[in-house]
Amino acid sequence: MTRRHGLFGPNAVRVIALVLAVGIAFTVGGPYLIQAGVPLLGVIALSLVVLGVPVVAIVRSEKSRR
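Residues numbered from 1 in each chain as written. Predicted model: local features only at pLDDT ≥ 70, side-chain atom pairs only at ≥ 80, totals over all residues. Heavy atoms only, no water.

Trainee: In this structure, what is going on with the overall build of the protein chain? I would like to understand it.
Mentor: In terms of regular secondary structure, the protein chain is built from 2 helices and 0 strands. Out of the 66 residues belonging to the protein chain, those deemed buried represent 6%. Carbon and sulfur atoms make up 72% of the accessible area of the protein chain, which totals about 5700 Å². (Helix = DSSP H or I, 4+ residues; strand = E, 2+ residues; numbered from the N terminus. Buried < 20%, exposed > 50% of the residue type's maximum accessible area, 1.4 Å probe, protein only. Areas by Shrake-Rupley, 256 points an atom, 1.4 Å probe, with all protein chains shown as cover.)

Rendered as structure tokens:
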């Protein structure tokens, strides 16, 4: 039995990358938007939209490759 993906499988790497991207988006942009008067739910929604675009693009490209 051989390992093809190193320490983590491809799904684990995607989950780790998503968690890091969400953390970066909230820690970098969130405080400035809240200080500017944007409500917390607005900041969360905006962060999800910004992160959703690349995630949808990756999912669509994976499906088209199969």
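Alright, that's what it looks like, and here's the rest.
Trainee: Mind showing me how you'd approach a nonpolar patch on the surface here?
Mentor: Together, Ile-34, Leu-40, Leu-41, Ile-44 and Leu-48 make up an exposed nonpolar region whose accessible area comes to about 490 Å². When residues of the nonpolar patch are assigned to their parent elements, the largest contribution, 4 residues, is made by helix 2 (residues 40-65). Position of Ile-44 relative to the elements: it lies in helix 2. (Patch = residues over 30% accessible without salt bridge, like charges linked within 9 Å, V, L, I, M, F, W, Y side chains within 5 Å. Salt bridge = Lys/Arg side-chain N within 4 Å of Asp/Glu carboxyl O.)

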